[in-house]
Amino acid sequence: MSDAQCRAGDRAYAIRLARPDDLPQVVRLDVEITGIEKPDYWADIFGRYSCTGDENQPRASKTRRNRFFLCAADGDKVLGFIIGEIRAWEFGSPPCGWVFAIGVDQEARSAHIAQTLFEAVCDRFRKAGVTQVRTMLARDDTLVMSFFRSQGMMAGPFIQLEKDL
Amino acid sequence: MKLQKATRCALFAVLELAADPTRQLSANEIAEKYGISTNHLAKVLRSLGRVGLVEAVRGAGGGYRFSGHARRTTLLDVIQLFETIDPIAQGEREDGDGTPEGQGLCRVLTEIEDTARATFASISLDTMLKLVSRYR
Ligand SMILES: CC(C)(COP(=O)(O)OP(=O)(O)OC[C@H]1O[C@@H](n2cnc3c(N)ncnc32)[C@H](O)[C@@H]1OP(=O)(O)O)[C@@H](O)C(=O)NCCC(=O)NCCS
């Protein structure tokens, strides 16, 4: 998939696969959003999800083709990111797309960058043959929940449960 | 889950008007479409007017027009003008609340209410209108 050119106000940006050298910028965005530094987590995510080659190459491994780490970038500047993957057969669920991280730079918000990232990852899910996308987020995270709802997402048939250990 | 009559009237009125902010409709026209009482709706529209969600247009052909912010007003904002969806734990005390059974029940009900609240708080009028359009 070639890098799509998009506009947010005066700014032009492209949606492309995350590259290992995006790591510091994604880590910075995540710290700005969550206030928590987690270098090991991000090093692991970049190792498993970012791309060093062409996702369209037949040689790209099946795992790679089921994992999508996309960035919205204005040149070298990362404005936002989304990470998703295809998961299958968890408690009987047929393969579906999962989005488990999204973030847009404060300065670049409300310009539909997250929407463009979400549509881009959904396109990849569709191309990989799945017909549903899911996510899980904190119930009181109204901002992110409003975003996913604006994209047409509703509560699904699965429910998250937990207990103290 | 059931919403009170006034709340449903308010949601219908706001959604009807927000669907086209340039259009003005009388209480009668809205009431007729949703099969609700005009008197009841007129009262609800006055409450919505007080918080700036709708405005009355005076003169011949007058009526109401949407004057809020459809992308940033949520279903919860509208609902809370007419009823509360407070977590039970912070609401009134009921018989048996102090017993372990009452506390267990309260925990379960709170879980349900928290979900309802989060749902209403995350759906803007704009998002709701998109959902409504799926049924057209
Ligand atoms: C949620 C987030 C990704 C949205 O990014 P964005 O680029 O500003 O979003 P978009 O401009 O694409 O918004 C699309 C829609 O989402 C909804 N939305 C976005 N921001 C909103 C806000 N502040 N309030 C209500 N709805 C909002 C709107 O419906 C919007 O459509 P509209 O602008 O036409 O009304 C961004 O606010 C963010 O990064 N938040 C923090 C994310 C986070 O906590 N991540 C955890 C780490 S993984």
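This one's a predicted model, so the numbers in the text were calculated from it and none came from an experiment.

A separate point is a nonpolar patch on the surface. Residue and element names in this part refer to chain B. On the surface, a cluster of nonpolar side chains totalling about 360 Å² of accessible area is made up of Leu105, Val108, Leu109 and Ile112. In this structure, Leu105 sits in helix 5 (residues 100-122). Overall, the relative accessible area of 53% leaves Leu105 in the exposed class.

The next point concerns the pattern of salt bridges. Residue and element names in this part refer to chain A. Counted according to the given criterion, the structure contains 15 salt bridges over all chains. Measuring nitrogen to oxygen at the nearest pair gives 2.4 Å for the salt bridge that ties Lys38 to Asp30. Of the charged contacts in the structure, one is a salt bridge between Arg67 and Glu85, with a shortest N-O distance of 4.0 Å. With Arg67 in strand 3 (residues 67-74) and Glu85 in strand 4 (residues 77-87), this pair connects stretches of sequence that are 18 residues apart. Residue class for Arg67 comes out partly exposed when judged on its relative accessible area of 23%. Using a relative accessible area of 11% as the deciding quantity, one classes Glu85 as buried. The network of salt bridges with common partners includes Arg19, Asp21 and Asp76.

Moving on, we get to the pairing of strand 5 (residues 96-104) of chain A. Residue and element names in this part refer to chain A. Of all the nine residues making up strand 5, seven are buried; the element is thus mostly covered by neighbouring parts of the structure. Pairing geometry for strand 4 and strand 5, over eight bridges, is antiparallel. In the strand pairing of strand 5, Gly84 is matched with Val99. As judged from the three bridges shared by strand 5 and strand 6 (residues 133-135), these two strands associate in the parallel manner. When the bridges of strand 6 are listed, Trp98 appears paired with Arg134.

Per-residue confidence for chain B averages 93 on the pLDDT scale, and 96% of its residues sit at or above 70. If you check the scores for this complex, the pTM reads 0.92 and the ipTM reads 0.88.

Once that is clear, we can look at the site of the ligand. The environment of the ligand is formed by 20 residues, the closest being Ile102, Val104, Ser110, His112 and Gln115 of chain A. Near the ligand, the surrounding residues are drawn from chains A and B. A distance of 2.7 Å separates an oxygen atom of the ligand from a polar atom in the backbone of His112 of chain A. If the ligand stood free it would expose 940 Å²; the protein chains cover 85% of that surface. Counting only elements with at least two residues in the shell around the ligand, the list comes to strand 5, helix 4 (113-127) and helix 5 (142-150) of chain A. Among the elements that take part in the shell around the ligand, helix 5 of chain A stands out by supplying five residues, more than any other. In terms of residue class, the shell around the ligand is built from ten nonpolar, seven polar and three charged.

What counts and what doesn't
Residues numbered from 1 in each chain as written. Chains lettered and ligands numbered in written order. Predicted model: local features only at pLDDT ≥ 70, side-chain atom pairs only at ≥ 80, totals over all residues. Heavy atoms only, no water. Patch = residues over 30% accessible without salt bridge, like charges linked within 9 Å, V, L, I, M, F, W, Y side chains within 5 Å. Areas by Shrake-Rupley, 256 points an atom, 1.4 Å probe, with all protein chains shown as cover. Salt bridge = Lys/Arg side-chain N within 4 Å of Asp/Glu carboxyl O. Helix = DSSP H or I, 4+ residues; strand = E, 2+ residues; numbered from the N terminus. Buried < 20%, exposed > 50% of the residue type's maximum accessible area, 1.4 Å probe, protein only. Pairing = 2+ DSSP bridges. pLDDT = per-residue confidence, 0-100. Near = heavy atom within 4 Å. Polar contact = N/O pair within 3.5 Å; in protein donor to acceptor, adjacent residues only side chain to side chain. Nonpolar A, V, L, I, M, F, W, Y, C, P; charged D, E, K, R; others polar.

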